[in-house]
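Close look at the chain arrangement
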Amino acid sequence: MTRLSRRQLIQGGVLVAGAGLVGSSRRAWAQLSDGGSASESVPAVVIGSGFGGAVAALRLGQAGIDTVVLERGRRWPIRPDGDTFATWEQPDGRAYWLRDRTAEAVLGLPQLEKRIDRYVGVLEVFEGNGIVIGAGAGVGGGSLVFNAIIVKPRRELFRRLFPRQIDFDEMEEVYYPRVKRIIRSAPIPDDILSTEYYRSSRVSLGQARTAGFATRPVDLAMDWDIVRDEIAGQRVPSAIAGQSFYGLNSGAKRSLDHNYLARAEATGHVEVLPLHSAVAMERDRGGRYAVTMVPLSDDGSAVGRPRRLVCEHLFLAAGSLGTTSLLVRARATGALPALNEHVGLHWAANGDIPVTRGALPFTNAGTGGPAGHFILEDLGNPFGPTSLVELVLPPHINAALAAVGAPQHFANYASLGIPPAIGSFTYNAATNAVTLNWPGNDPRLADFLSAARQTLRVLDERNGSVTIAFNPSVSAHPLGGAVLGKVCDLAGRVKDHPGLYVVDGALIEGSTGLANPSFTIAALAERCMDRILPRLHEATTTTGSK
Ligand SMILES: Cc1cc2nc3c(=O)[nH]c(=O)nc-3n(C[C@H](O)[C@H](O)[C@H](O)COP(=O)(O)OP(=O)(O)OC[C@H]3O[C@@H](n4cnc5c(N)ncnc54)[C@H](O)[C@@H]3O)c2cc1C
């Protein structure tokens, strides 16, 4: 198959009428449409290349459906000189999505902020009304910045939180294992856990047990052989040096660009367009979807004029914030006026609260990333169930805490709970902006917050430690806005909008049940694609070019 280059696609392709959906050649699909009004056309478009988008891209490609993936961020190939990503010690524009400063103020440490160049870096800090959200930007989405924790919820919590037709047994037998096989996540091997770098994990595990909490190991999306190479001095120290959110220069993180997306592109049917931001979508008279996309330069400014990409099947996978913003704007501006009243509602951040504890035994903090290797579960908590997973403590934050006399030694965690999904998105016509609103003082959050504090109280009382930071207005787990059963059916098909699908964290109503969300997002996306794809084929065989 002849591949059209990204440049050819952007400049408009070859005019060929009636491109088929399955097996059409790229020359056939990259057609000018609408009488040559600078639109290109392709059977399927995926917006976003994180967990949901990567799964959709691979399954579309394997089905032989020509697909373009629009990704606002850039690619991050691992460089042999070990300098792909910024580091905590030397942050630069690569660390953040279009910011002029690093973002420690969000964690209450403004004195640590440094000036950086405005650049299309990996970590977005999204400032909502009442909450600040971290999210990934780049080919691979959140997998570039995540702490690599791959964990599924317990059966009873999944059943409590998800529509009953989404069968946990099927998720456990089919979809979670399918994702795990492709990402190749695995628990930390004992020889690595026993090194000095991972002392903090061992301390935290011991403390969880002392406090009487249940614990279970988690998988990490890590190539542990590369971590062994780091330890042996054969790769740039990254995981062992406590790096995480800005990416791992050694290449030890199994981010989606190395697995799902690489496989999708290898099918020959998937073209990923980095540095292309989708800004609007609408439906044309023929029932197809037109996406307005803006090519971006390295500083985030637009390159040339916006372009239109027309498709029959549009998969929204821009993350909970991105997907919901596109939908809310499309409904408010009248571009997709029939989107229902649930769009932009039923949102929460997975009960994810950053926590730092002090007065621990020596933890060797600032090493041993990107995360701890187990999850602590407090299922008998009188206020509601909670869990705690250890994250790496960035070395410069460790040093800053010591410098201000906080009781040493420290460890960093994500506390997870089950908040009511009372967040919402609103549209401002004057600015064309979508705002995320989180009512942090709402009394309906009281039990969820008390539950998190209760777990920490028990942990600290039994271990003589103290919680020195607990910040419920910062999170990295946005979920909801286009949820299953309300905005979409149970396979991610947007109601009353044939050909429009949601396959990312926007589908999930605020919580994945005390588990970091990426595994469940990817597994649900696999489940959605299993149900969506046969109908695409059916449509193709009954209508020819449909
Ligand atoms: C610092 C950090 C650490 C985390 N650690 C973990 C962890 O250890 N384990 C875990 O399970 N979860 C973790 N998470 C959460 C996890 O990353 C997210 O839950 C997950 O990535 C969400 O998947 P998604 O498919 O919904 O969207 P994303 O992975 O966020 O992907 C969305 C993609 O869409 C792109 N995009 C957005 N808007 C547009 C647009 N308009 N046009 C084109 N492209 C667009 C974005 O750049 C992004 O690449 C972490 C998150 C952060 C920020």
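Computed from a prediction, not measured in an experiment: that's the story for all the values here. (Residues numbered from 1 in each chain as written. Predicted model: local features only at pLDDT ≥ 70, side-chain atom pairs only at ≥ 80, totals over all residues. Heavy atoms only, no water.)

1. Quick notes on the overall build of the protein chain
Secondary structure assignment for the protein chain yields 13 helices and 23 strands. Projected onto the principal axes, the alpha-carbon positions of the protein chain cover approximately 70 × 50 × 45 Å. Counting only residues that meet the buried cut, the protein chain has 61% of its 546 residues in that class. Across the protein chain, the fraction of contacts at a sequence separation of at least 24, relative to all contacts at a separation of at least 6, is 72%. (Helix = DSSP H or I, 4+ residues; strand = E, 2+ residues; numbered from the N terminus. Buried < 20%, exposed > 50% of the residue type's maximum accessible area, 1.4 Å probe, protein only. Contact = heavy atoms within 4.5 Å.)

2. Some thoughts on unusual backbone geometry
Between Gly369 and Pro370 the backbone carries a cis peptide bond, its omega angle lying at 0°. Among the structural elements, Pro370 can be located in the loop between strand 14 (353-358) and strand 15 (371-378). Residues Gln408 and His409 are joined by a peptide bond in cis, for which omega reads 0°. Looking at the element boundaries, His409 is found in the loop between helix 11 (395-403) and strand 17 (411-416). At Leu98, a position not held by glycine, the phi torsion is positive, near 50°. Of note, Leu98 is situated in the loop between strand 3 (67-70) and strand 4 (123-127). The residue Leu514 is not glycine, and still its phi comes out positive at about 70°. Structurally, the position occupied by Leu514 is in the loop between strand 23 (500-502) and helix 13 (518-543). For Leu514, a relative accessible area of 1% translates into the label buried.

3. Focus on the pattern of salt bridges
This model, assessed by the stated rule, comprises 30 salt bridges. Arg101 is the salt-bridge partner of Glu113, the closest N and O atoms lying 3.2 Å from each other. A residue pair is termed long-range when its members are at least 10 positions apart, and Glu113 in the loop between strand 3 and strand 4 and Arg101 in the loop between strand 3 and strand 4 qualify at 12 residues. Residue class for Glu113 comes out buried when judged on its relative accessible area of 17%. Of the charged contacts, one joins Asp442 and Arg444 as a salt bridge, the two residues approaching to 2.8 Å between their closest N and O atoms. For Asp442, a relative accessible area of 17% corresponds to the buried category. The class of Arg444 is exposed, set by a relative accessible area of 53%. (Salt bridge = Lys/Arg side-chain N within 4 Å of Asp/Glu carboxyl O.)

4. Side note on helix 5 (residues 168-183)
In the structure, helix 5 departs most strongly from a straight axis at Tyr175, where the bend amounts to approximately 30° and where the proline Pro177 lies between one and four residues downstream. All buried positions along helix 5 are accounted for by Phe168, Met171, Tyr175, Tyr176, Arg178, Val179, Ile182 and Ile183. Sitting at the head of helix 5, Asp167 places a side-chain oxygen 3.1 Å from the backbone nitrogen of Asp169. Downstream of helix 5 by one or two residues, Arg184 has phi in the positive range, about 60°. (Bend = angle between axes of the 7 residues up to and from the residue. Polar contact = N/O pair within 3.5 Å; in protein donor to acceptor, adjacent residues only side chain to side chain.)

5. Remarks on the site of the ligand
Around the ligand lies a shell of 37 residues, among which Glu71, Arg72, Ile149, Ala278 and Ser518 are the nearest. Between the ligand and Ser518 there is a distance of 2.6 Å, counted from an oxygen atom to a side-chain nitrogen or oxygen. The fraction of the free accessible surface of the ligand (1,000 Å²) that becomes covered by protein chains is 94%. Each residue belonging to the shell around the ligand can be placed in one class, and the counts come to 17 nonpolar, 17 polar and 3 charged. (Near = heavy atom within 4 Å. Areas by Shrake-Rupley, 256 points an atom, 1.4 Å probe, with all protein chains shown as cover. Nonpolar A, V, L, I, M, F, W, Y, C, P; charged D, E, K, R; others polar.)

6. Comments concerning the side chain of Thr386
Structurally, the position occupied by Thr386 is in strand 16 (residues 386-391). Only 2.5 Å separates the side chain of Thr386 from the side chain of Thr455, close enough to count as a polar contact. Look past the residues within four positions of Thr386 in its chain and what remains in contact with it is Leu376, Glu377, Asp378, Asn381, Leu416, Ala451, Ala452, Thr455 and Leu514.

7. A word on helix 10 (residues 319-332)
The first and last C-alpha atoms of helix 10 sit 20 Å apart over 14 residues, in line with the 20 Å expected at 1.5 Å per residue. Positive phi shows up at Gly334, right after helix 10, with a value of about 85°. (Expected span 1.5 Å × (residues − 1).)

8. Examining the sheet that holds strand 16
Pairing in this open sheet of 6 strands is antiparallel, and the strands run 7-15-16-17-14-20 from one edge to the other. Edge positions in the open sheet fall to strand 7 (214-217) and strand 20 (466-470), since each of these has one partner strand only. Strand after strand, the sheet turns through a mean of 30° between neighbouring axes, direction not considered. Bridge analysis of strand 15 against strand 16 gives 5 bridges, and the strand direction is antiparallel. Paired with Ala371 across the two strands is Leu391, which belongs to strand 16. Contacting strand 14, strand 15, strand 16, strand 17 and strand 20, helix 12 (residues 446-463) runs over the sheet at an angle of about 15° to strand 14. (Pairing = 2+ DSSP bridges. Axes fitted to C-alpha atoms, helices over the stretch in contact; angles between N-to-C directions.)

9. Regarding the environment of Glu461
Assignment of secondary structure puts Glu461 in helix 12. For Glu461, a relative accessible area of 62% corresponds to the exposed category. For Glu461 and Ala211, which are 250 residues apart along the polypeptide, the C-alpha to C-alpha distance reads 8.3 Å.

10. Considerations on the environment of Asn441
Take Asn441: it is sitting in the loop between strand 19 (433-437) and helix 12. Taking relative accessible area as the criterion, Asn441 reaches 79% and is therefore assigned exposed. Separated by 311 residues in sequence, Asn441 and Gly130 place their C-alpha atoms 9.0 Å apart.

11. A closer look at the nonpolar core
In globular proteins that are soluble, nonpolar side chains generally tend to be buried together. In terms of nonpolar packing, the biggest core is built from 135 residues, with Leu70, Leu314 and Phe315 touching the most fellow members. Take this core: its biggest share by element is 11 residues, from helix 13. With residues near it in sequence (within four places) discarded, Phe315 still touches Ala44, Val45, Val46, Ile47, Ala56, Leu60, Tyr501, Val503, Met529, Ile532 and Leu536. Core analysis: the second largest hydrophobic core is formed by 23 residues, Ala137, Val145, Tyr246 and Leu275 among them. (Core = buried A, V, L, I, M, F, W, Y, C linked by side-chain atoms within 4.5 Å.)

12. Remarks on the packing of helix 7 (residues 199-210) against helix 12
It is the contact of helix 7 with helix 12, at a shortest axis distance of 9 Å, that shows an interaxial angle of 95°. As summarised for this structure, helix 7 and helix 12 are arranged roughly perpendicular, according to the angle between their axes. For the pair formed by helix 7 and helix 12, the contact residues are Gln207, Ala208 and Thr210 on the first element and Leu459, Arg462 and Asn463 on the second. (Parallel < 35°, antiparallel > 145°, perpendicular 65-115°, else oblique.)

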